[in-house]
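Okay, here's what each chain looks like letter by letter:
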Amino acid sequence: MDTKTLGRRGELIAVEHLIDQGWEIIATNWRCRHGEIDVIADDGDSLVFVEVKTRTSARAGHPLEAVTAGKIATMRGLALRWLAEQPEWIPRFRIDVIGILWNGGRPEISHVRDAR
Amino acid sequence: MTGNLGRTESIALLGISGTPVIIEASVNDGLPGIDIVGLPDTAVSESRKRIRAAISNLGITLTSRRVTVNLLPGGVKKVGTAFDLGIAVAILAAEGLFPAERARGIVHCGELGLDGRLHPVRGVLPSVLAGLRSGFTRFVVPRANAAEARLTGDAVVCGAGNLAEVVNTLGGHVPVPLLPAVESVDTDALPPAATHDLADVQGQDDARHGLEVAAAGGHHLLMTGTPGAGKTLLAGCLPGLLPALDEEAACEVVALRSLDGTLDVSAGLDRTPPFEAPHHRTTAAAMVGGSKPGMIGVFSRAHRGVLFMDEAPEFSRDVLEALRQPLENGRCDIHRAWGSVVLPSRFQLVLAANPCPCGAGIGSSSRCRCTPLNKRRYRNRLSGPLLDRVDIQLELMPLGPADLHSAQPREGSAEVAGRVAAARERQTARYRELEWSANAQAPGSWLREAFEFRRSETAPLDSALERGVLTMRGYDRVIRIATTLADLDGRNRPGADDLLSALLLRIREGT
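I will try to describe carefully the structure that is included in this document. Bear in mind that the values here come from a model prediction, so they are computed numbers and not experimental data.

**Points about the overall build of chain A**
Scanning chain A from terminus to terminus reveals two helices and five strands. Element order for chain A, N to C, with α for helix and β for strand: α-β-β-β-α-β-β. For a compact globule of 116 residues, the expected C-alpha radius of gyration is about 13 Å, and chain A comes in at 14 Å, within 12% of that figure. The dimensions of chain A, computed from C-alpha atoms along their principal axes, are 45 × 30 × 25 Å. For chain A, with 116 residues in total, the buried portion stands at 28%. Contacts spanning at least 24 positions in sequence make up 52% of the contacts within chain A whose residues lie at least 6 apart.

**Section: the sheet that holds strand β16 (residues 392-396) of chain B**
Residue and element names in this part refer to chain B. The strand order β11-β12-β15-β10-β16 describes an open sheet built from five strands, whose pairing is parallel. Each having just a single partner strand, β11 (275-276) and β16 make up the two edges of the open sheet. Pairing between strand β12 (residues 306-309) and strand β15 (residues 348-353): four bridges, direction parallel. Across the sheet, the residue bridging to M309 is L351, located in β15. Packing of helix α6 (residues 205-217) onto the sheet brings it into contact with β10 (221-225) and β16, and relative to β16 it is tilted by some 160 degrees.

**Points about the environment of G10 of chain A**
All names here are of chain A. When you line up the elements, G10 lands in helix α1 (residues 3-20). A C-alpha to C-alpha distance of 9.4 Å links G10 and I109, two positions 99 residues apart in sequence. Not counting residues up to four positions away in its chain, the partners in contact with G10 are V52, T54 and I100.

**Section: the interface of chain A and chain B**
Between chain A and chain B, the residue contacts involve eight residues of the former and six residues of the latter. Residues of the side of chain A that touches chain B, tallied by class, amount to five nonpolar, two polar and one charged.

**Concerning the pairing of strand β2 (residues 35-42) of chain A**
Residues and elements named next belong to chain A. As paired strands, strand β1 (residues 24-32) and β2 are joined by seven bridges and run antiparallel to one another. Across the sheet, residue A27 finds its bridge partner in β2, namely I40. Connecting β1 to the next strand, β2, in antiparallel fashion are two residues. As paired elements, β2 and strand β3 (residues 47-55) share four bridges and run antiparallel to each other. Bridging from a neighbouring strand, V39 pairs with V50 of β3. Hairpin connection, β2 to β3: the antiparallel pair is bridged by four residues, and G44 has positive phi, about 95 degrees.

**Comments concerning the nonpolar core**
Nonpolar side chains in soluble globular proteins tend to end up buried together. Judged by nonpolar contacts, the single largest core of 132 residues is most densely connected at A88, A90, I91 and V350 of chain B. Here this core gets nine residues from one element, more than from any other, and that element is helix α2 (residues 84-94) of chain B.

**A short note on unusual backbone geometry**
Working note: non-glycine residues mostly have negative phi, and peptide bonds are mostly trans. Geometrically, the link from L72 of chain B to P73 of chain B is a cis peptide bond, its omega value of -10 degrees lying close to zero. Looking at the element boundaries, P73 of chain B is found in the loop between β4 (66-72) and α2. Here the phi dihedral of D114 of chain A falls at roughly 50 degrees; this positive angle occurs in a residue that is not glycine. C-beta crowding within 10 Å serves as the criterion here: with 12 such atoms nearby, D114 of chain A is assigned to the exposed category. The phi dihedral of E433 of chain B is positive, around 65 degrees, even though this residue is not glycine.

**Details of the environment of F347 of chain B**
Residue and element names in this part refer to chain B. Inspection of the secondary structure assignment puts F347 in the loop between β14 (339-344) and β15. Assessed through the 27 C-beta atoms surrounding it within 10 Å, F347 is described here as buried. Linking F347 and P227, residues 120 residues apart in sequence, is a C-alpha distance of 25 Å. Contacts of F347, omitting those with residues within four sequence positions, involve F299, A302, H303, G305, V306, L307 and P326.

**As for the sheet that holds strand β5 (residues 108-112) of chain A**
Residue and element names in this part refer to chain A. Across the sheet, which stays open at both edges, the five strands sit in the order β1-β2-β3-β4-β5 with mixed pairing between neighbours. With one partner strand each, in any of the chains shown, β1 and β5 form the two edges of the open sheet. This sheet shows a mean twist of 25 degrees between the axes of neighbouring strands, independent of strand direction. The pairing of strand β4 (residues 93-101) with β5 spans five bridges and is classified as antiparallel. Note that in β5 the partner of L101 across the bridge is E108. Strand contacts of α1: β1, β2, β3, β4 and β5, with the helix running at about 135 degrees to β3, the strand carrying the most contacts.

**So, the packing of helix α3 (residues 124-133) of chain B against helix α8 (residues 247-260) of chain B**
Residues and elements named next belong to chain B. Two elements in contact, α3 and α8, have axes separated by 7 Å at closest approach and are oriented at 130 degrees. Relative to α8, α3 is oriented oblique. For the pair α3 and α8, the contacting residues are V124, L125, P126 and L129 in the first and C251, V254, A255, S258 and L259 in the second.

Definitions and cut-offs
- Residues numbered from 1 in each chain as written.
- Chains lettered and ligands numbered in written order.
- Predicted model: local features only at pLDDT ≥ 70, side-chain atom pairs only at ≥ 80, totals over all residues.
- Helix = DSSP H or I, 4+ residues; strand = E, 2+ residues; numbered from the N terminus.
- Rg over C-alpha atoms; globule rule 2.2 N^0.38 Å.
- Buried ≥ 20, exposed ≤ 12 C-beta atoms within 10 Å, placed from the backbone.
- Contact = placed C-beta atoms within 7 Å.
- Pairing = 2+ DSSP bridges.
- Axes fitted to C-alpha atoms, helices over the stretch in contact; angles between N-to-C directions.
- Nonpolar A, V, L, I, M, F, W, Y, C, P; charged D, E, K, R; others polar.
- Core = buried A, V, L, I, M, F, W, Y, C linked by C-beta atoms within 7 Å.
- Parallel < 35°, antiparallel > 145°, perpendicular 65-115°, else oblique.

Next up, the structure:
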């Protein structure tokens, strides 16, 4: 499985996981020239931009470790761009990170809320 | 909540004084990584990379959560790599590798290698001393520093070769990698400067006596004489005449050497007074020290020992003026961009100078061709305020054949050292329960009050003061030398003769 497929499957698992939790998915894979937001969802309380990171094993480190402060800053910039395109005013949002360890088909999900 | 909180102790060094630092680590939700807060410098901030590598190379997997490390108190600057071990232990305690409370109250100190081995650091001994003063008794240090940490005797020291060993003694179960521990410290210690024996000195009976007085009372000394008269040789004899350092002084000296990276622990606690002979082109910054944190200068290396400045007028003016504070207070207060530090530097100063630039301008058959202006310029390089602080000023005449072929055997250092030791004991008894222990440090007012000199006794001094040959500070110095002369002679109170001989040792003739 190449990394592209792995990432795609990870995102699908993440979306399932969010729906299981009763979140409303607003958009997936929203792109602009500066980058991509994997999932945009509403957890009932606030708007959430989600970055999904998937890895086959923890040998090269846990997937969450690969999300650096710089990546979060990029996410914030993308989030503001997405918000600017919306017709209505959205009072608050946050950024979550979902790390998925593939583990040979038994994925292990870790969800970090309000990552900074 | 206490489950994911780890805590241990360390010491932040500033000069040779240390502040206890509490290292806290907390594991919380968030993106994985290690944050270090609490005024760390670059080396301390970098430690998180060493620690991550060391921990994972030991086969320990950290939970993928955020680790926040806090160094308390936040106001104290933490410098250097010695915090690695403490931070790693606090993190592993927070991760629950061993019961977290077992790491509390133990001072950790050491640098981590990427393979988890502990590497030696500078300043272990001052850290241990500071820890003992703050009430800690248990210390974990790199194995290569263990001998140094044990020099004081009171501390319970564990010399660890590897982070895994430290974790296991705290109750963890980590396989210890089969790596040889880093055993030795690369010390920059030089072989001790060759100390000479007074028996090697030909002639110069006055100078020998002057040196004995200097040794007995801890007085600063200036020797003026032609090249080859034996100035350097005489100065090299001084450490052999001085009494061995007491426990406290020896600890200070060793602590400074530890900070300097020049400590050699193979011989145990070294009690011989240090002897430093810097080159005359040494800069003021190198003499004073403190250009960067943890750096000590020549003044501090000579602490509790002898600082010999050969060719004293050739030293830069900055260096000579920088001598004033250590001579007066026995320490250097240094304020730099990175912070402030007080370095102890109580040494006995020995200056050597030629009488003039060509070196021949002394004695009867002078071949000197220096102009009076040149001579004066050369002499003026040693400023009045500096010379005022030098108690004994000797002139060494060139040797004659009679001195060389004298059949009578010279007195050796051991005999003189015996007399010096007796004089020092007398002083220790006199100054018991006072802040100073040698005549050179005794305030003149205290001596004048204690001895209640009669007018007739001090008449020569009074007239010298009146003529302006002596300053008031010089007056007190004469009294101090007189006290030493009396001590050497086995009397408790200096008399008129002592005062007069002291005056002769103090004032340079023919200037």
